[in-house]
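Structural characterization, general
As a plain string of letters, each chain reads:
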Amino acid sequence: MSGLALVRRLEAVGFRAWPAASVHYDGSWAVRLTAGHPSKRLNSVNPLDPSDYRDIDQRIARSARRFAAYGRPLVFRLSPLAPLQLNAHFDADGWRRFDETSVMIARLKDIDLDSGFDQIPLQDVGRYVDASISIRDENPERKAGLTEVVESIRPPNGMFVLEDQTGPVASALCVHDNDLAGLFDVAVRPDQQGKGYARSIVRAALRWASAQGAQRAWLQVMTANKSAVSLYSRLGFEKVYTYSYRQKGD
């Protein structure tokens, strides 16, 4: 599988792995909204057909009304499935492009999963969410929203946390969807970065996924995060495509 077929597959498993609370389709534009969590992936318009660019102004206006009802700024997430005409429309109308993200994939048999250590996934969503928020030093008020997202994931998933004597230092969420394993929420506490925790927790998550029958792993990482891109490249991941967000104004 290659080209747009693989992009469609990864976009579909990505939506299942990180589910929005509300999804509305305007033609092939997936309008994803989640009142309890501010993630752009959960609050964006996602065009999914390069040939679907009719009535652009009217459809943008309809999406804007939906986002306003949720109290969210209107954001488009444009992958290679988005029409070129829509990108051109945003360019002409002064919409900024930001947070370019690479989608990467690797065959599990090509990754060294034997080194490191085995870890049993957490069964307690609350404990995992607390650890994820603590590692990122985020507002504890985000707990309810992130809990809702994680509990809404339907494919089998493993929640992983590494700790030291001071508390959680790394987290990762791995979602197993048929032959694919998606990595999400990979983070290392800032004062512990550069010590191998990211590599360790990624390997632990992928060992679990391999045991579940996954054959390939995939992930999304911001292209500006050079250290993370380098880590995943060394593990064996290769870029398949990029997407970016568009928003009007500063």
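Residues numbered from 1 in each chain as written. Predicted model: local features only at pLDDT ≥ 70, side-chain atom pairs only at ≥ 80, totals over all residues. Heavy atoms only, no water.

Next up on the list: the overall build of the protein chain. When helices and strands are counted, the protein chain shows 7 helices and 10 strands. With respect to the principal axes defined by its C-alpha atoms, the protein chain has extents near 55 × 40 × 30 Å. In the protein chain, which comprises 250 residues, the share counted as buried stands at 51%. Restricting to contacts in the protein chain with at least 6 residues of sequence separation, those with at least 24 account for 70%. Taking the average place of the 33 positive charges on the side chains of the protein chain and the average place of its 29 negative ones, the gap between the two points comes to 3 Å. (Helix = DSSP H or I, 4+ residues; strand = E, 2+ residues; numbered from the N terminus. Buried < 20%, exposed > 50% of the residue type's maximum accessible area, 1.4 Å probe, protein only. Contact = heavy atoms within 4.5 Å. Lys, Arg positive; Asp, Glu negative; His and termini not counted. Charge placed at Lys NZ, Arg CZ, Asp CG, Glu CD.)

Let's shift gears to the environment of alanine 170. Within the element layout of this structure, alanine 170 appears in strand S7 (residues 167-177). By relative accessible area, which is 0% here, alanine 170 ends up buried. Separated by 99 residues in the primary sequence, alanine 170 and glycine 71 place their C-alpha atoms 32 Å from one another. In this view, alanine 170 contacts Ile135, Phe160, Val161, Leu162, Ala187, Val188, Tyr197 and Ile201; residues no more than four positions away in its chain are not counted.

The subject of this paragraph is helix H2 (residues 56-70). When the terminal C-alpha atoms of H2 are compared, their 21 Å separation across 15 residues agrees well with the 21 Å that a helix rising 1.5 Å per residue should span. Residues of H2 that are buried include every one of Ile56, Arg59, Ile60, Ser63 and Phe67, and no others. Buried residues of H2 fall within an arc of 100° about the axis and therefore sit on the same side. The outward face of H2, more than 90 degrees from its buried face, is lined by the exposed residues Asp57, Arg65, Ala68 and Ala69. Positive backbone phi, at 70°, marks glycine 71, one or two positions downstream of H2. (Expected span 1.5 Å × (residues − 1). Arc of directions from axis to C-beta.)

This part takes up the nonpolar core. In terms of nonpolar packing, the biggest core is built from 33 residues, with Leu10, Leu173 and Trp218 touching the most fellow members. If you list the elements that add at least two residues to this core, you get helix H1 (3-17), strand S5 (95-107), helix H4 (125-136), helix H5 (143-152), strand S6 (157-164), S7, strand S8 (180-188) and strand S10 (238-248). Those residues in contact with leucine 173 that sit more than four places away from it in its chain are Trp18, Tyr128, Ile153, Asn157, Gly158, Met159, Gly182, Leu183, Phe184 and Asp185. Leu108, Ile111, Ala214 and Leu219 belong to the second-largest nonpolar core, a separate cluster that totals 30 residues. (Core = buried A, V, L, I, M, F, W, Y, C linked by side-chain atoms within 4.5 Å.)

This part covers the packing of aromatic side chains. Taken as a whole, this structure holds 10 aromatic pairs when the rule is applied. Between tryptophan 18 and phenylalanine 184, the ring centres sit 5.8 Å apart and the planes meet at 10°, which makes this aromatic pair stacked. Of the two residues, tryptophan 18 sits in the loop between H1 and strand S1 (22-26) while phenylalanine 184 sits in strand S8, which places them 166 residues apart along the sequence. Residue classification places tryptophan 18 among the buried positions, given a relative accessible area of 7%. (Phe/Tyr/Trp six-rings, centres within 6.5 Å; stacked < 30°, edge-to-face > 60°.)

Functional significance is not addressed by these values, which are geometric in nature.
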